[in-house]
Amino acid sequence: MADSNITKHALAQALKALTETLPFDKISVGNICAQCGLNRKSFYYHFKDKYDLVNWIYYTEFIEVALKKEHGSVWNLLDEICRYFYENRVFYNKAFHIEGQNSFSEYFFSIIKSILSEEIKVCFPKEPSVEPYAEFYTDAFTCAIKKWLAQKDCMSPDDFTLFLQKAILGIGQRAVSIWNEQSRQLDL
């Protein structure tokens, strides 16, 4: 592993360790550097700020790994996302509560939206823009993840993924049923 990656990983582990005991807004770059024995110059050589570090952690620990796998369906990928968050729930519960520019919520939203946009294009091939649908489902998924991780005794990732599937597919099946019934009535 190159020295650059060793330094980045040391900073990442320091931040994760600090979030075990401190609220994210109370953690400074100085705290992160002191935790791993590096100086501020080393931090700023690699990252713009602590928010950039949080996004880098997610990218290297999850995205890079997920990109190397064949998921078969978007549900398998969402299941993997939920498992990763569950294993790191203390850290990501705090990360999701950061708001504003460069926040983890904003970063995660953009990743999920791009994934869902591709899936929605398949579902709605004649739609000129899938943007509103992608935003709707991304908002719902991101909000559900945040609420799930914030629960003191949150359900297992398997149960949560099953809940998401039932919620989305159940509504979808009901909507198709109503649509078909209305179409039959109009044909009369």
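Residues numbered from 1 in each chain as written. Predicted model: local features only at pLDDT ≥ 70, side-chain atom pairs only at ≥ 80, totals over all residues. Heavy atoms only, no water.

A count of helices and strands for the chain gives 9 helices and 0 strands. Beginning at the N terminus, the succession of helices and strands in the chain can be written as α-α-α-α-α-α-α-α-α. The dimensions of the chain, computed from C-alpha atoms along their principal axes, are 75 × 35 × 30 Å. The 188 residues of the chain split such that 37% are buried. (Helix = DSSP H or I, 4+ residues; strand = E, 2+ residues; numbered from the N terminus. Buried < 20%, exposed > 50% of the residue type's maximum accessible area, 1.4 Å probe, protein only.)

Next up on the list: helix 6 (residues 89-96). Count 3.6 residues to each turn of an α-helix, and residues three or four apart come out pointing the same way. Of the positions making up helix 6, those classed as buried are Phe91, Tyr92, Asn93, Ala95 and Phe96. Residues of helix 6 that are buried sit in contact with helix 1 (3-19), helix 4 (50-67), helix 5 (74-87), helix 7 (104-123) and helix 8 (131-150). (Contact = heavy atoms within 4.5 Å.)

Quick look at the packing of aromatic side chains now. For the coordinates displayed, the defined rule picks out 30 aromatic pairs. Where tyrosine 58 meets phenylalanine 85, the ring centres are 5.6 Å apart and the plane angle is 15°; that geometry is what we call stacked. With tyrosine 58 in helix 4 and phenylalanine 85 in helix 5, this residue pair connects regions lying 27 residues apart in the sequence. Judged by its relative accessible area of 0%, tyrosine 58 is buried. Directly above the ring of phenylalanine 91 sits lysine 16, whose terminal nitrogen or CZ lies 5.8 Å from the centroid. Here arginine 89 stacks its cationic end above the ring of tyrosine 86, 4.0 Å away from the centre of that ring. (Phe/Tyr/Trp six-rings, centres within 6.5 Å; stacked < 30°, edge-to-face > 60°. Lys NZ or Arg CZ within 6 Å of the ring centre and 35° of its normal.)

This paragraph deals with the nonpolar core. Nonpolar side chains in soluble globular proteins generally cluster together in the buried interior. The biggest cluster of nonpolar side chains holds 48 residues, and the ones touching the most others in it are Leu53, Tyr58, Ile81, Phe85 and Tyr92. When contributions to this core are tallied by element, the ones reaching two or more residues are helix 1, helix 2 (29-36), helix 4, helix 5, helix 6, helix 7, helix 8 and helix 9 (157-187). In terms of residues, this core owes the most to one element, helix 4, which gives 8 residues. In contact with leucine 53, not counting residues within four places along its chain, are Lys8, Leu11, Ala12, Leu15, Ile32, Phe43 and Phe47. (Core = buried A, V, L, I, M, F, W, Y, C linked by side-chain atoms within 4.5 Å.)

For the rest of this paragraph, the subject is the environment of leucine 164. Among the structural elements, leucine 164 can be located in helix 9. On the accessibility criterion, leucine 164 (7% relative accessible area) is buried. Distance from leucine 164 to aspartate 52, taken between C-alpha atoms, is 29 Å for residues 112 residues apart in sequence. Among all residues touching leucine 164, those that are not within four sequence positions of it are Trp75, Cys82, Phe141 and Ala144.

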